[in-house]
Amino acid sequence: MSEPAAALDALRHRHLLGLATYSDEEIRLVLRTAREFRAVLDRPVKRVPSLRGVTVVNLFFEASTRTRLSFELAEKRLSADVVNFSASGSSVSKGETLKDTARNIEAMKIDMVVIRHGSPGAAQFLTRWIDSVVLNAGDGAHEHPTQALLDLLTLSDLDLPRFGADRLRDGYFEGLNVSIIGDITHSRVARSNIHGLRALGADVTLCGPRTMMPREVEAMGVRVVDRLDEALDGCDVAMALRIQLERQSAGLFPSLREYHERYGIKEEHLDRYPDLRIMHPGPVNRGVELASEVVDSDRSVILDQVTNGVAVRMACLYLLSGGTVARDADRGEG
Amino acid sequence: MALLSPDDTVKAQLMDAADLDRTLNRLARQIVEHLDDEAEPAERLALVGMQTRGVYLARRLRDKIADFEGLTLPFGVLDATMYRDDFRKRLRQPIVHPTDIPFDVDDRRLVLVDDVVYTGRTTRAALDALMDLGRPASVRFLALIDRGLRELPVRPDFVGRTVPTTPGEEVRVRLTEIDEADGVWLVGRPA
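About the thresholds
- Residues numbered from 1 in each chain as written.
- Chains lettered and ligands numbered in written order.
- Predicted model: local features only at pLDDT ≥ 70, side-chain atom pairs only at ≥ 80, totals over all residues.
- Helix = DSSP H or I, 4+ residues; strand = E, 2+ residues; numbered from the N terminus.
- Buried ≥ 20, exposed ≤ 12 C-beta atoms within 10 Å, placed from the backbone.
- Contact = placed C-beta atoms within 7 Å.
- Axes fitted to C-alpha atoms, helices over the stretch in contact; angles between N-to-C directions.
- Parallel < 35°, antiparallel > 145°, perpendicular 65-115°, else oblique.
- Left-handed = near helix turned anticlockwise from the far one by under 90°.
- Nonpolar A, V, L, I, M, F, W, Y, C, P; charged D, E, K, R; others polar.
- Pairing = 2+ DSSP bridges.
- Arc of directions from axis to C-beta.
- Expected span 1.5 Å × (residues − 1).
- pLDDT = per-residue confidence, 0-100.
- Core = buried A, V, L, I, M, F, W, Y, C linked by C-beta atoms within 7 Å.
- Right-handed = clockwise from strand over helix to strand, strands pointing away.

### Considering the overall build of chain A
The secondary structure content of chain A amounts to twelve helices and nine strands. With the C-alpha coordinates aligned to their principal axes, the bounding extent of chain A is approximately 55 × 55 × 40 Å. In chain A, which comprises 334 residues, the share counted as buried stands at 45%. A separation threshold of at least 6 residues defines the contact pool for chain A, and within that pool the share at least 24 residues apart is 74%.

### Structural notes on the packing of helix 1 (residues 24–40) of chain A against helix 5 (residues 145–156) of chain A
Residues and elements named next belong to chain A. Contact pair helix 1 / helix 5: the axes reach a minimum separation of 10 Å and the direction vectors enclose 70 degrees. The orientation of helix 1 with respect to helix 5, classified from their angle, is roughly perpendicular. Crossing of helix 1 against helix 5: the hand is right-handed. Residues Ile-27, Val-30, Leu-31 and Ala-34 of helix 1 form the contact with helix 5, whose participating residues are Leu-149, Leu-152, Leu-153 and Ser-156. Residues belonging to the contact of helix 1 with helix 5 are distributed by class as follows: seven nonpolar, one polar and no charged.

### Some details on the sheet that holds strand 7 (residues 223–225) of chain A
Residues and elements named next belong to chain A. Read from one edge to the other, the open sheet built from five strands follows the order 7-6-5-8-9, with strand pairing classed as parallel. The open sheet is flanked by strand 7 and strand 9 (277–279), the only strands paired with a single partner. Neighbouring strand axes in the sheet, compared pairwise and without regard to direction, differ in orientation by 25 degrees on average. Pairing of strand 8 (residues 237–240) with strand 9 involves three bridges; the strand directions are parallel.

### Details of helix 4 (residues 122–129) of chain A
In an α-helix, one turn spans 3.6 residues; hence positions three or four apart end up facing the same way. Residue and element names in this part refer to chain A. Every buried residue belonging to helix 4 is among Ala-122, Ala-123, Leu-126 and Thr-127, and all of these are buried. Looking straight down helix 4, one finds that the buried residues subtend no more than 150 degrees of arc, so they occupy a single side. Residues of helix 4 that are buried make contact with helix 3 (98–106), strand 3 (112–117) and strand 4 (133–139).

### Remarks on helix 3 (residues 121–133) of chain B
All names here are of chain B. Look at helix 3: 19 Å from first C-alpha to last across 13 residues, which is about the 18 Å you get at 1.5 Å a residue. The complete set of buried residues in helix 3 reads Thr-122, Thr-123, Ala-125, Ala-126, Ala-129 and Leu-130. Considered in projection along helix 3, the buried side chains sweep an arc of 160 degrees and stay on one side of the axis. The inward-facing, buried residues of helix 3 contact strand 2 (45–50), strand 3 (75–78), strand 4 (109–117) and strand 5 (138–146). Of the residues trailing helix 3, Gly-134 is marked for its positive phi of about 160 degrees.

### Quick look at the sheet that holds strand 4 of chain A
Residues and elements named next belong to chain A. Across the sheet, four strands lie side by side as 2-1-3-4; this open sheet has parallel pairing. What marks the edges here is a single partner per strand, and that holds for strand 2 (81–86) and strand 4. For this sheet the average axis-to-axis angle between neighbouring strands, irrespective of direction, equals 15 degrees. Two strands pair when backbone bridges link them, and strand 1 (residues 55–60) and strand 2 are joined in this way by six bridges, in the parallel orientation. Residue Leu-59 lies in a different strand from strand 2, and its bridge partner there is Phe-85. Packed onto the sheet, helix 11 (residues 302–321) meets strand 3 and strand 4 and runs at close to 150 degrees relative to strand 4.

### Some details on unusual backbone geometry
Cis peptide bonds are those with omega within 30 degrees of zero, and the linkage from Gly282(A) to Pro283(A) qualifies with -15 degrees. Inspection of the secondary structure assignment puts Pro283(A) in the loop between strand 9 and helix 10 (292–296). Following Gln51(B), the chain continues to Thr52(B) via a peptide bond in cis, the omega torsion being -5 degrees. Among the secondary structure elements, Thr52(B) is positioned in the loop between strand 2 and helix 2 (53–69). Here the phi dihedral of Ser79(A) falls at roughly 65 degrees; this positive angle occurs in a residue that is not glycine. Examined against the element boundaries, Ser79(A) turns out to sit in the loop between helix 2 (66–77) and strand 2. A residue is classified by how many C-beta atoms lie within 10 Å of it, and Ser79(A), with 16 of them, is partly exposed.

### Considering the confidence of the model for chain A
Residues and elements named next belong to chain A. Per-residue confidence for chain A gives a mean pLDDT of 89; residues scoring 70 or more make up 92%. Within the model, pLDDT remains below 50 along residues 1–5, and this stretch shows four contacts once partners closer than five positions in the same chain are excluded. Within the model, the stretch residues 324–334 combines pLDDT values under 50 with 17 contacts to residues more than four positions away or in other chains.

### Points about the nonpolar core
One finds Val30(A), Ile181(A), Ala238(A), Ala315(A), Val48(B) and Val113(B) to be the most contacted residues of the largest nonpolar core, which totals 138 residues. Sorting elements by how many residues they give to this core places helix 11 of chain A first, with ten residues. Apart from the residues within four sequence positions on either side, Ala315(A) is in contact with Val30(A), Thr33(A), Ala34(A) and Phe37(A).

### Remarks on the environment of Glu174(A)
Along the polypeptide, Glu174(A) turns up in the loop between helix 5 and strand 5 (177–181). For Glu174(A), a count of 11 C-beta atoms within 10 Å gives the class exposed.

### Description of the pairing of strand 2 of chain B
Residues and elements named next belong to chain B. For strand 2, the tally of buried residues reaches six of six residues, placing the bulk of the element in the interior. Here strand 2 shows two buried faces, one formed by Leu-45, Leu-47 and Gly-49 and the other by Ala-46, Val-48 and Met-50. In the sheet, strand 2 pairs with strand 3 via four bridges, with the strands oriented parallel. Bridge pairing in strand 3 links Gly-49 to Val-77. Handedness of the β-α-β unit built from strand 2, helix 2 and strand 3 comes out right-handed.

### Description of the packing of helix 2 of chain A against helix 11 of chain A
Residues and elements named next belong to chain A. Helix 11 packs onto helix 2 with a crossing angle of 55 degrees between their chain directions and a minimal axis gap of 8 Å. The angle between the axes of helix 2 and helix 11 places the two elements in the oblique class. In this structure, helix 2 crosses over helix 11, and the sense of that crossing is right-handed. Residues Ser-70, Phe-71, Leu-73, Ala-74, Glu-75 and Arg-77 of helix 2 touch helix 11, and the partners they reach there are Gly-309, Val-310, Arg-313, Met-314 and Leu-317. Split by residue class, the contact of helix 2 with helix 11 holds six nonpolar, two polar and three charged.

### Looking at the environment of Leu149(B)
Residues and elements named next belong to chain B. Looking at the secondary structure, you find Leu-149 in the loop between strand 5 and strand 6 (158–162). Among the residues examined, Leu-149 registers 14 C-beta atoms within 10 Å and is labelled partly exposed. Distance in space between the C-alpha atoms of Leu-149 and Val-105 is 30 Å, their sequence separation being 44 residues. Ignoring any residue separated from it by four or fewer positions in sequence, one finds Leu-149 in contact with Tyr-118, Thr-119, Thr-165 and Pro-167.

Structure, rendered in structure tokens:
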């Protein structure tokens, strides 16, 4: 009805492995669809029968609480049959390979697989061995596409005075300045977000310790700065990344206190940049990436991100569940 | 968008703009009659248009009823895509459009408005969607065109015109809100 004539009516991909190969129009289709599913979450009956008869396996080889919970809720809200499989207590701990695990599970007649794995490319690898639709829920430091999509949905809802009505909402981010702060090298969230933000036209600035900044990352079309104030000046939204505490022992940063001092967003920043909004993929280390007051301030949209996570995952599952015929773009994923 | 798709071969024009308007006048009066009939307070009646062209038809009916009776009925928009049962036969999932029902459906007497009733599957999906939104007192179904060939026990309460068709044919309802002209056509589709 309100879509322009050129709007896509289906994804060109059969899987969701990462946002690197997703086009701007595919991302906009996911965001539009997610908005309608989000409305379902506000109804008295928070469930629709869209995926009735579809079996989804959540294959989690890496610890995860909120992503797994969010996927599981999304699947249940779509009336799919859900099976959970986590590495601990499974045959994986008996040395079964990913390929064998996947093929054995598929032999039980499933339709879709959500996979979280410590190795980059694990989701892609899976598509070579099974016929089911694969959704990547995080593969090593490679991609975490549903996290980026929920971040994009959250951004598209922001009421930023500089932007005309509905431009952000429709997924046109030209002129939007987003800074991603923290451990870029080890962050699949950052990688997926860079792809998604660039596809929709946003300008991306990266900031973090040199030891956590990938070499030649500028090739992805981003700006890299050293000082936090450089990243926040003129920035609409700052995405702080979670610091993996074990990286400290690897010597990538001297101490949590020093990290907070140099890269943590504090109340003074909210005062200095009155239009700045704060995002974080969670779980937050309070007092490290973000001061506690910043997490709880009305400038933070962290809880909106969580709500949007369920809606975006419903949209992805819905859009990928239709049909079994390979689509054009899949060959490019091979 | 072009009035009809390039693949369509027109078999008959079923309604022109004047026919369509006359039919909607009659349907609006029938809704008003139905409203009188049951001695129910008028404010409990509401119109629900089904995405996409049912929405515009429902809006026109609401305006006509406001003209005739000085009564503006509550109006909502329903998209039943998430409730369809035929997705497994399709290559791709249909686009989800907004649902926006700005009133409480509990104890309402609803008139569900669609442009064409065919197999009855969309109507079935719409009823499921409505029931998940609350417990209406009653649901009546209005279709501008009943083209027959039902696969489910669904029968519209208000019909603009009944047109016998075959499965290879399509009924194209076109409305100026989103199309170039008002009218209804019966077309053939390439196999």
